[in-house]
Amino acid sequence: MDDVQIAHIAEAVIREIAASGTRPGADVVPPGSSSGRPEEAFRAPLQGDRDRPLSPPWDGQAETPAVPSSGLSSRAKGYPPTPSPVGPLSRSVPPEPVCPAAVPGKAVGLAVDLPDPAAPEFRCKPRVADPVHPEGLQALIASTTARIGVGRSGPRYGTKPLLLFQADHATTQDALFREVDRRLLDELGLFTVQTRITGGKQEYLLRPDLGRRLNEEAGQIVGERCPKGRNIQVVAGDGLSAAAIEANLPKVLPVLEQGARSAGLTFGTPFFVKYCRVGVMNDIGTLLEPDVLVLLIGERPGLGRADSMSAYLAYRPKAGDTDADRDMICNIFERGGINPLEAGAFVIQLAQQMLQHRVSGVGRKSG
Amino acid sequence: MLFRTRLHGKLYEFPDIRVLMGKANEEKSGDRLAGLAAQTATERIAARFVLAEVPLWLLRENPAVPYESDEVTRVIQDAVNETVYNEIRDWTLGAFREWLLADTTDGEMIRRVSGGLTAEMIAGVAKLMSNMDLIYGAAKIRVSAHCNNTMGLPGTLCSRNQPNHPTDSPEGIRAALFEGLSYGSGDSAIGINPADDSPASVARLLDMSYGVIKAWNIPTQNCILAHIATQMQCLRAGSPTGLLFQSIAGSQKGNESFGISVDLLDEAYALARKYCFPTGPSYMYFETGQGSELSADAHHGWDQVVMEARCYGLSKRYNPYQVNSVVGFIGPEYLFNAAQIQRAGLEDHFMGKLTGVPMGCDACYTNHVSADQNSIENLAVMLSAAGCNYFMGVPMGDDSMLAYQSTSYHDTATLRQLFKLRPAPEFERWLEDLGLMKDGRLTEKAGDPSFFLRR
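First, a word on what this report is: a plain description of the structure on this page. (Residues numbered from 1 in each chain as written. Chains lettered and ligands numbered in written order. Predicted model: local features only at pLDDT ≥ 70, side-chain atom pairs only at ≥ 80, totals over all residues. Heavy atoms only, no water.)

### Brief notes about the overall build of chain A
Move 1: Looking only at helices and strands, chain A features 15 helices and six strands.
Move 2: Scored against the burial criterion, the 367 residues of chain A give a buried share of 49%.
Move 3: Considering only residue pairs separated by 6 or more positions, chain A has 71% of its internal contacts joining residues 24 or more positions apart.
Move 4: Just so you have it, chain A exposes about 17,200 Å², and 53% of that area is on carbon and sulfur atoms. (Helix = DSSP H or I, 4+ residues; strand = E, 2+ residues; numbered from the N terminus. Buried < 20%, exposed > 50% of the residue type's maximum accessible area, 1.4 Å probe, protein only. Contact = heavy atoms within 4.5 Å. Areas by Shrake-Rupley, 256 points an atom, 1.4 Å probe, with all protein chains shown as cover.)

As structure tokens, this is what we get:
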């Protein structure tokens, strides 16, 4: 990557951070000020400030301003502190969450009162001690959602990246068992049918075989309400993330409908499948005989990200078909993934190819 | 045939070897899903008592899928060294376990016996081993392979640099790749899972990763983990390719669900030897995982440990550079929790090494299973003790494309320092020349991806 590209990426990040607004109370500690930045204080003992007895800063007795003094001592001993962002970045990046007790003169007992450490402006903070190219490091971090530029304590993570990882895992765990909002499905005009799962989400997780089959009632309802033999039939399913359907379906569904219309293709009546696995496409294919069946389904949640959706496409799906007979577009989500609007257009394009070549899956790739 | 025992006064009888093998497994949700798990804890151990008396020849003669109808069975049976087999055919599984663990049995002896084994025998003995047995047994067996560098040598631990990006942004992938290199990850391969597996996308990533390898003269090889047909298409069109990758299953039907066959893999192997850029002689990379056959309804009524062992038997045909189970990727319906994932990880590594393939492990889990990062850190420590060839290197273990968590760049660095292990020798020299590593430890310069912005 050359410097022009790096500068370009850095500019984009600055714009994005500026657009996200400044944290209330961000003026408590000026960015890059030499005192009261808990970042160094927090890191220094972990990095091994060998000349000083190692007592963790949060272990400080009442009345002892342990945190700021350890921060100062680490600097005085010449340990390379985390460099302050230079140039225009220093005006845009808010300071770390500040514990009021860390500000000299305000240490009255211990009061830990953090702003959200998972907020985007803290998430992307470079944590490499003494990087070769500080601005370049910023640009690298900005170029991916992967957790890079996180630095190290010996070969392990610093405390803040470690806790942020755990925080993201925790929020994903908490989000796992939610169901898709009925009102949203009503607004989109989708009726709901169910697979053969009867025992809730736990059974859904343990019995994929039942999640691949429509139940008897579903077969009847779909047969009554959906016309057969359309060029494109769209179905949505919860899969492993209700949030993914809620976030993306309202955006992608109109694109599919309009796209099909402008391509001169007939469009079946879309509906929603609860407790849905990808394999349910075979049952639906047998029932409605569409040329191309599109299943929009919530993906397994990533760490701190539950809004990622996949689109599976199959040409004339039938019993016995496998993943090798299907095509897939994954990672459909806004900000960092495949934008749902673009994904809709891509699905129509792919469907047209399938209609032309009369095949999907591995056969399409080798054909 | 009769398979029965009394245990604690109660009679347990098993109708055939297939049922016996399933019931002898440690508890796995996938075996329960398939209706193969023991009904009670005592029945499980009764099955093991009986299985311990079963001779190897019985398993040779009862492959999970008949020879006539399954090409994976044919690959495995045809590769058996009959001289070695005839020496060991009357060993019982119980005696085989003790022979593997005995002080008088060394790695070379086990490598020779490997030639006479089939997957069913390997799975059978794994069922009789405790977790520490699996660790101790595997630690005896070193299987190394060379591509542009050497993996699997005693005293080494390697890392696949896996810098995935949700939309395959070359800049984003390069950024994570730099982070990994700065921690000493990348001696196994620079292995990228593409979100878009079209030929154009795969070619772009091959070019980009090869560009980094050339710019920094890295002793490693690149690999884009798309479907093998796509990689072959790119290789034929002249894309610089280090390794050819494919996920494989333990039955012909399972492989059909992946869109592959032995013929296709044979063709890929021949193509790789003709056109891949590294020195070789190993150019193939395979991934596996317990439960994939069942999920494709291609398990033929057999348990997931047996079907997994058959994958290794198939992979051996292609003299692979690296093979790993993606152990916790498949989800809770096959491996329910941390204990089941850890058990499967140890079984897979042991069975691969006993088969004679250079095994690593993707020690991983998904967010809908009851496991967390601690549980795979535990697994990685256990597998390092077992002599595992390599782990995945993912930024902080959080794969931003595949939505699962694995081991990190930091983890391999930590395990090396913890167990006094080194990178692949060629790669370690490269790290030393750059000043990122000294005497097997990371230097102050390490851990800074911006180090690689100079070229």
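### Examining the sheet that holds strand E6 (residues 326-332) of chain A
All names here are of chain A.
Move 1: One open sheet holds the six strands; their spatial order is E1-E3-E2-E4-E5-E6, and the pairing between them is mixed. Either end of the sheet is taken by a strand with one partner, and the two such strands are strand E1 (192-194) and E6. Strand-to-strand, the axes of this sheet are offset by a mean angle of 25°, without reference to chain direction.
Move 2: Looking at chain direction, strand E2 (residues 232-237) and strand E3 (residues 271-274) are connected through three bridges and run parallel. Across the sheet, residue Val 235 finds its bridge partner in E3, namely Phe 271.
Move 3: Most of the contacts of helix H12 (residues 242-262) go to strand E4 (residues 292-298), to which it runs at about 160°, and overall it touches E2, E3, E4, strand E5 (309-315) and E6.
Move 4: Relative to E5, helix H14 (residues 340-357) is tilted by about 10°, and along the sheet it contacts E2, E4, E5 and E6. (Pairing = 2+ DSSP bridges. Axes fitted to C-alpha atoms, helices over the stretch in contact; angles between N-to-C directions.)

### Thoughts on the nonpolar core
Move 1: Ile 17, Phe 350 and Leu 354 of chain B are the most contacted members of the largest nonpolar core, which has 158 residues in total.
Move 2: Dropping the residues within four chain positions of it, Ile 17 of chain B is found in contact with Phe 3, Leu 51, Val 54, Leu 58, Leu 59, Asn 62 and Trp 302 of chain B.
Move 3: Counting residues in each nonpolar core, the second largest holds 34 residues, with Leu 253, Leu 296, Ala 343 and Val 347 of chain A among its members. (Core = buried A, V, L, I, M, F, W, Y, C linked by side-chain atoms within 4.5 Å.)

### Topic: the packing of aromatic side chains
Move 1: Scanning the entire structure with this criterion turns up 16 aromatic pairs over all chains.
Move 2: Look at Phe 245 of chain B and Tyr 285 of chain B: their rings are 5.2 Å apart centre to centre, the planes differ by 70°, and that puts the pair in the edge-to-face class. With Phe 245 of chain B in strand E8 (residues 244-247) and Tyr 285 of chain B in strand E9 (residues 284-288), this residue pair connects regions lying 40 residues apart in the sequence.
Move 3: Take Tyr 285 of chain B: its relative accessible area is 0%, and that puts it in the buried class.
Move 4: One aromatic cluster is present, formed by Phe 178, Trp 216, Phe 427, Trp 430, Phe 451 and Phe 452 of chain B through successive ring pairs.
Move 5: One Lys or Arg, Arg 156 of chain A, reaches over the ring of Tyr 157 of chain A and ends 5.1 Å from the middle of that ring. (Phe/Tyr/Trp six-rings, centres within 6.5 Å; stacked < 30°, edge-to-face > 60°. Lys NZ or Arg CZ within 6 Å of the ring centre and 35° of its normal.)

### Brief notes about the side chain of Asp 398 of chain B
Move 1: Within the element layout of this structure, Asp 398 of chain B appears in strand E13 (residues 398-399).
Move 2: Exposure remark for Asp 398 of chain B: the relative accessible area of 7% places this residue in the buried category.
Move 3: Within the local environment of Asp 398 of chain B, its side chain forms a polar contact with the side chain of Arg 147 of chain A, the two groups lying 2.5 Å apart.
Move 4: Once residues lying within four places of it in the same chain are set aside, the contact partners of Asp 398 of chain B are Arg 147, Phe 165 and Leu 303 of chain A together with Tyr 404 and Gln 405 of chain B. (Polar contact = N/O pair within 3.5 Å; in protein donor to acceptor, adjacent residues only side chain to side chain.)

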